[in-house]
Each structure stands twice: as structure tokens, then as C-alpha cells.
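The lines below spell out each chain.
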Amino acid sequence: MIAFSLLATDGSARRGTLQLTHGSVQTPAFMPVGTAASVKGLTPADVRSAGTQILLANTYHLWLRPGLETIEAAGGLHRFMAWDAPILTDSGGFQVFSLQERRTLDPDGVTFKSHLDGSMHRFTPENTVAFQEAIGSDIAMQLDVCVKLPATYEELAASVSMTTAWAQRCRAAQRSPDTALFAIVQGGLDESLRMRSVRELVALDFPGYAIGGLSVGETREEMERTARLTAAALPQSKPRYIMGIGTVRDIIAAVDCGIDMFDCVYPTRCGRNARAMTHSGEFNIRNAAYVRDFSPVDPQCSCTVCTTYTRAYLCHLFRAGEMLGSQLLSYHNVALLHDVMAQARAAIEGGNWATWRDAALAAISS
Ligand SMILES: [Zn+2]
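Residue positions are given per chain, counting from 1 as you read along its sequence in written order. This being a predicted model, a pLDDT of at least 70 is required before a residue's local features are given, and a value of 80 or more before pairs of side-chain atoms are given or counted; all residues contribute to the totals for chains, interfaces and linings. Based on all heavy atoms of the structure, the side-chain values leave hydrogens and waters out of the count.

### Structural notes on the layout of surface pockets
The cut-off we apply is this: Two kinds of site are reported from a 1 Å grid over the protein atoms alone, namely cavities, where a 1.4 Å probe fits but cannot get out, and pockets, open sets with protein on both sides within 12 Å along at least five of seven lines, and residues are called lining when an atom falls within 4 Å of a point. Grid points are joined across faces, edges and corners, and a volume is the space filled by probe spheres set on the points. By definition, any uninterrupted DSSP run of H or I lasting at least four residues is a helix, any uninterrupted run of E lasting at least two residues is a strand, and each is numbered from the N terminus. Gly is put with the polar residues, along with every residue not named as nonpolar or charged; the nonpolar set is Ala, Val, Leu, Ile, Met, Phe, Trp, Tyr, Cys and Pro, and the charged set is Asp, Glu, Lys and Arg.
Empty space within the largest pocket amounts to approximately 730 Å³. Where the lining of the largest pocket is concerned, the elements lending two or more residues are strand E5 (55-58), helix H5 (93-97), strand E14 (261-264) and helix H11 (266-272). Among the elements that line the lining of the largest pocket, the one with the most residues is H11, at 4 residues. Grouping the constituent residues of the lining of the largest pocket by class yields 13 nonpolar, 14 polar and 7 charged. Going through the elements one at a time, H5, strand E7 (103-106) and helix H7 (153-173) are the ones with two or more residues in the lining of the second largest pocket. Among the elements that make up the lining of the second largest pocket, the one with the highest residue count is H7 (4 residues). Taken together, the residues that form the lining of the second largest pocket break down as 11 nonpolar, 4 polar and 3 charged.

Spelled out as C-alpha cells, the structure:
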């Protein structure tokens, strides 16, 4: 089940509501990543109270461990991980393709060696859709062919052709009305290939579209230019998702391009590495400057970490090797991104997107 309503637009920026089987999502929305059915360091209750409406899990990792039988026996992924709100699952294509020499691609699918125990596995468009439906994903992603940049025109063109063919097979393999299937636009930085990928996938009429193959080695300008032209070519009435975007700056740029959904491990990875994300930029909270700084991590953030603890305490936790430091900072970083999203949604609704965007970007740079 899926329904997307566009509530307001301001420039290219969009404000919408996405209705899914396990609840609704106000967009633009950031989706924290729980690769192996866990957003690292945070309980599902934490993830929820930090402001998360939908989280992301990964087919590649869950397929290998704990595997379909265990998740099915648990009653699906929502019950298994005790998360009752929407879940988007990536198809695993990106992970499999980043295995490089541990996988072989053929027109029917991709065979790969597990990074855990070296066992051989095979993904096809059909079995990845069946897996995502069986575990109860709200949004499933098609199996796509991702190319690392820089790549030749021929490599990119081949990835677009195969991604379209696999999109068609994924569409035909769908059985569950509870899981919405998104297609993934490929084409690297080549405008004509991006447009071809959009045309071919839109003709198959998916309920939503992702822009894949970015954040894979290109510059920020290249990424933004490609995201902007791709988003502009996608149907207005369908949700748009850009994969692997997670800094405040990149998310604001993506919203400005007309993207509705984003995911990244960035805020929790930073959280584990003492890197604090704030409305005015990032800093390492282990630094000596914070030993006796009794202000909140981000004075503009109203999350429970910022209203309860000080920079000095978090600095101490990291220096003392206490795991609570990682947990608290991961919580704040996720809450911070949700706060940025809430402000972005309000700005689009209020018709002052450009003013808000410029001020938010200037605050990061200063
Ligand atoms: Zn905070």
C-alpha cells in the first residue's frame, strides 16, 4: 500500500505525505540506516523519539544473517526488531556490486561470495523482491546494477539497460499489496543516459523512484547537477529518493533539487567517531576545547541529549572509552537531521524555502 500526496512546493523543493502499510511519513524525510536490523547504538524507542518516521534495512546483510527463515519465524522484520513504523529495504544491489572480485554478473542475476563466511549466494530480480516482501518491507527496492565512478559510457549504458530489464522483472515478480516497489535510476553523470533511464523506468509506472549511482566517487557539484536534472525529469506525483546522502549540506541541496527521501549511515557513524553534527557545522567532541564546555552539543537542538547533557560530559565519555558517548552522540546526530528536515518542511510550507536554505547553508559555512 502506498499513496503520496504533494502538499506544497516552493521552487523545486517539495513537501508531501507518504502513506505506507506501517504508517505515514512527512516528506522531505531523512531515513536512518539499520543495515542489520539495528540502527547502531540506538534502541528502536530511541530511533523513534529522535524523530524517525521510517528507517532503512538492507537485503544483502539480512539475507546472509539471520536469513529469511529466522525473520519469517519471528513474524517479519518489524516484529523481529521491535519497530512498528515503516521500513524501506535496499535490494542489496549496491552492496553486492561493491564486493568487486567476489561477484559475477550475468543477464539473469548476480552470484556473490558472502563477506561473512565465503559461502556462495545468488540474487535475481525475482528473489530479492520475494525476500523483501516476505520480511514485510513497506518499500522494497528493485535489484539494480550500480557502477563505480569514473566509468566509461559503455559501462554506464550497459548498467542502464540491465537495470531497466531487471526493473521490469521485479515489477512482474511482485505479489504483496503491502510492499511498494521503487525503481532505481542509473546512468552515472551522463545526462543522456540518466534521461534514458528515467524514460524507461517511468514507462513501467512504479509507485516511487530512487536516484542511484551517486555518492560513489564524484564531486559534490557533479552529484548535485545529476540529482537536479534527474529529479526534474521524474513524475511530480511520485516520491523521489536519493540514496546515500547524509550530511546537512547534501540533504539541503537534495531537497532543493526536488528530492523527498534520503538515507545514510553518516549520522550514526559520526556518532561513534565523536563527530558532532550541528546546525552550525561539525566538530570532534573529543577535542581539548570541549573538556570544560558545559554547553549543549548544539544549543539550537532540542533533543533529549542536548537538553540533558553537556559537551564536557560527552567529551569525557569518549576520552574514557565509555560506550554511552557513542550512543548519546548518535542519538543527537539523528535527531539533528530530523530537526533540519522539520525546519525544511516548515519552510517549504511557509513559502520561504530559499531564505531558509541560504541561512541554513550559511550557518554551516561560518
Ligand atoms: Zn541534540
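Here the narrative resumes, following the displayed structure.
### A closer look at the coordination of the zinc ion
Keep this limit in mind: For Na, K and Ca the donor cut-off is 3.2 Å; for every other metal, N, O and S atoms count as donors within 2.8 Å. Water does not enter the count, which can leave sites looking incomplete. Every geometry call rests on angle ranges, with four donors termed tetrahedral when all angles are between 85 and 135 degrees, four termed square planar and six termed octahedral when opposite donors are over 155 degrees apart and all others are between 65 and 115, and everything else termed irregular. We call a residue buried when its accessible area falls under 20% of the maximum for its residue type, exposed when it is over 50%, and partly exposed in between, using a 1.4 Å probe and counting protein chains only.
Coordination of the zinc ion by the protein comes from Cys301 (SG), Cys303 (SG), Cys306 (SG) and His332 (ND1), over a distance range of 2.1 to 2.3 Å. Around the zinc ion sit 4 donor atoms; with metal-centred angles ranging over 94 to 120°, the donor geometry is tetrahedral. When the donors of the zinc ion are listed by position in the chain, the intervening gaps give C-x1-C-x2-C-x25-H. Of the two residues, Cys306 is situated in helix H12 (residues 304-308) and His332 in helix H14 (residues 323-350); the sequence distance between them amounts to 26 residues. Of the two residues, Cys306 and His332, neither departs from the other in class, the shared state being buried.

### What about the packing of aromatic side chains?
Here a ring pair, both rings aromatic, is described through the centre-centre distance and the interplanar angle of the planes. As a reminder of what qualifies: By convention, a stacked pair of Phe, Tyr or Trp rings (six-membered ring in the case of Trp) has centres within 6.5 Å and planes under 30 degrees apart, an edge-to-face pair has planes over 60 apart, and any other such pair is tilted.
Tallied over the entire structure, the rule returns 8 aromatic pairs. Judged by centre distance (6.2 Å) and plane angle (75°), the ring pair of Phe206 and Tyr209 falls under edge-to-face. Tyr209 carries the same exposure label as Phe206, and that label is buried. Through a chain of ring-to-ring contacts, three or more aromatic side chains come together here, namely Tyr60, Trp63, Phe112, Phe123 and Phe131.

### A word on empty space enclosed by the protein
All told, the structure shown has 1 cavity of 30 Å³ or more when counted by the stated rule. Taken together, Met223, Glu224, Ala227, Ile242, Ile245, Asp250, Ala253, Ala254 and Cys257 make up the lining of the largest cavity. Going through the elements one at a time, helix H9 (220-233) and helix H10 (248-256) are the ones with two or more residues in the lining of the largest cavity.

### Notes on the sheet that holds E14
Quick note on the threshold: Strands are labelled as partners when DSSP assigns at least two bridges between them. Axes here refer to lines fitted to C-alpha atoms; in helices the fit is confined to the stretch in contact. Angles between the N-to-C directions go from 0 to 180 degrees.
Sheet architecture is open: 8 strands sit in the order E4-E14-E13-E12-E11-E10-E6-E5, paired in parallel fashion. Whereas interior strands pair on both sides, the edge strands pair on one side only; in this sheet they are strand E4 (29-32) and E5. Averaged over neighbouring strand pairs, the angle between their axes works out to 25° when direction is ignored. Where strand E12 (residues 208-211) meets strand E13 (residues 240-242), 3 bridges bridge the pair, whose relative direction is parallel. Its bridge partner being in E13, Ala210 is matched across the sheet by Tyr241.

### Details of H9
Note the following rule: To estimate how far a helix should extend, the number of its residues minus one is multiplied by 1.5 Å.
Taking 1.5 Å of rise per residue, 14 residues should cover 20 Å, and H9 covers 20 Å from first to last C-alpha, within 8% of that figure. Where H9 is concerned, the buried positions are Met223, Thr226, Ala227, Leu229, Thr230 and Ala231.

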